Amino acid sequence: PTDFSRLPRNQDPQRKVLVGAVSRFTEWKGLQYSVKAFVEFHLKHPNSHLHLVGAPADAYDTILDQLKVVEESAYTISNWHSNVFGFLQTLDVFIHVPIGPDDEAFGLVYLEALASRTPCIFTLSGVLHELPNPEKYAEIVPYENSEDILASMLRILDATSPVKENVSESWLVQYSLETMGKEYMKLLVGELTS
């Protein structure tokens, strides 16, 4: 996995830069802004590759149209991935940018990405509202803003972004399946006894 402490990634022109997103191809997930940023990024860094993982939805055709300006070898689209955490660890940059503060109901992918220690670009939505100072752990960009996504991608690649901290294990653990399962059980038992 890549981290912020390595030499600037642009020092090896042969090295492929891997950019990824995991999301349904629906308008409110903001993939179209990530793709637009990647197209511009790819013009500056032709060895970059975009891998999108997610089920087709209402923005699928828009995204395919956006990708027509780069060669097909510059991107991969998969409906699903059997090991999302492992996939995230292969990336140089991960992007998840829902278009509004309430457009992500929870956002498990935020947690997986932060736990993977992959350099991330996020908008604030879902569970990120619960994370104090999220800008300490990821690049936070405005909603619906491909220019800022691109700028963050370039900062990560050139190692000019401030070093990001790792999210504490104790914060991540509160959202583990075991912890969440216990909380749901408490809720159900409370409902049944009232």
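Please refer to the structure higher up on the page.
Residues numbered from 1 in each chain as written. Predicted model: local features only at pLDDT ≥ 70, side-chain atom pairs only at ≥ 80, totals over all residues. Heavy atoms only, no water.

K.L.:
I'd like to hear about the packing of aromatic side chains, residue by residue, with values.
P.N.:
Enumeration according to the criterion identifies 3 aromatic pairs in this entry. Seen from their ring centres, Phe94 and Phe122 are 6.4 Å apart, and the 80° between their planes marks the pair as edge-to-face. With Phe94 in strand β4 (residues 93-96) and Phe122 in strand β5 (residues 120-122), this residue pair connects regions lying 28 residues apart in the sequence. There is no split in this pair, since Phe94 and Phe122 are both buried. (Phe/Tyr/Trp six-rings, centres within 6.5 Å; stacked < 30°, edge-to-face > 60°. Helix = DSSP H or I, 4+ residues; strand = E, 2+ residues; numbered from the N terminus. Buried < 20%, exposed > 50% of the residue type's maximum accessible area, 1.4 Å probe, protein only.)

K.L.:
Describe the side chain of Lys29, and please don't skip the residues or the numbers.
P.N.:
Mapped onto the elements, Lys29 comes out in the loop between β1 (17-22) and α1 (31-44). Within polar-contact distance, the side chain of Lys29 engages the side chain of Glu104 at 3.0 Å. If we skip the residues at most four places from it in the chain, Lys29 touches Ser23, Arg24, His96, Val97, Pro98 and Glu104. (Polar contact = N/O pair within 3.5 Å; in protein donor to acceptor, adjacent residues only side chain to side chain. Contact = heavy atoms within 4.5 Å.)

K.L.:
Which residues make up the nonpolar core, and what values do they have?
P.N.:
In terms of nonpolar packing, the biggest core is built from 31 residues, with Val19, Phe41, Leu52, Ile149 and Met153 touching the most fellow members. Looking at this core, the elements with two or more residues in it are β1, α1, β2 (48-53), α2 (60-67), β4 and α5 (146-157). Take this core: its biggest share by element is 7 residues, from α1. Residue contacts for Phe41: discarding those within four places in its chain leaves Val17, Val19, Ser48, Leu150, Met153, Leu154 and Leu157. In terms of nonpolar packing, the next biggest core, distinct from the first, is built from 22 residues, Leu111, Val127, Leu128 and Val167 among them. (Core = buried A, V, L, I, M, F, W, Y, C linked by side-chain atoms within 4.5 Å.)

K.L.:
Any details on the side chain of Lys164? Residues and values, ideally.
P.N.:
The residue Lys164 is located in the loop between α5 and α6 (169-173) in this model. A polar side-chain atom of Lys164 sits 2.9 Å from the main-chain carbonyl oxygen of Glu135.

K.L.:
Let's hear about the pairing of β1: which residues, and what values?
P.N.:
Along a regular strand, successive side chains alternate from one face of the sheet to the other. Of all 6 residues in β1, 5 are buried; the element is thus mostly enclosed. Across 6 bridges, β1 lies against β2 in parallel orientation. Across the sheet, residue Ala21 finds its bridge partner in β2, namely Leu52. (Pairing = 2+ DSSP bridges.)

K.L.:
Mind laying out the environment of Pro162, listing which residues take part and the relevant values?
P.N.:
Looking at the element boundaries, Pro162 is found in the loop between α5 and α6. C-alpha of Pro162 to C-alpha of Lys136: the two residues are 26 residues apart in sequence and 8.8 Å apart in space.

K.L.:
If you had to explain the pairing of β2 to someone new, which residues and values would you point to?
P.N.:
Within β2, 6 of the 6 residues are buried, which leaves the element mostly enclosed by the surrounding structure. A crossover connection joins β1 to the parallel β2 through α1; in handedness this β-α-β unit is right-handed. Across 4 bridges, the pairing between β2 and strand β3 (residues 75-78) is parallel. Bridge pairing in β3 links His51 to Thr76. Running through α2, the crossover from β2 to the neighbouring parallel element β3 is right-handed. (Right-handed = clockwise from strand over helix to strand, strands pointing away.)

K.L.:
Run through unusual backbone geometry, naming residues and quoting values.
P.N.:
For Arg117, which is not glycine, the phi torsion reads 65° and is therefore positive. When you line up the elements, Arg117 lands in the loop between α4 (108-116) and β5. Using a relative accessible area of 39% as the deciding quantity, one classes Arg117 as partly exposed. One non-glycine residue with positive phi stands out, namely Glu144, at about 55°. In this structure Glu144 comes out as partly exposed when scored by relative accessible area, which is 43%.

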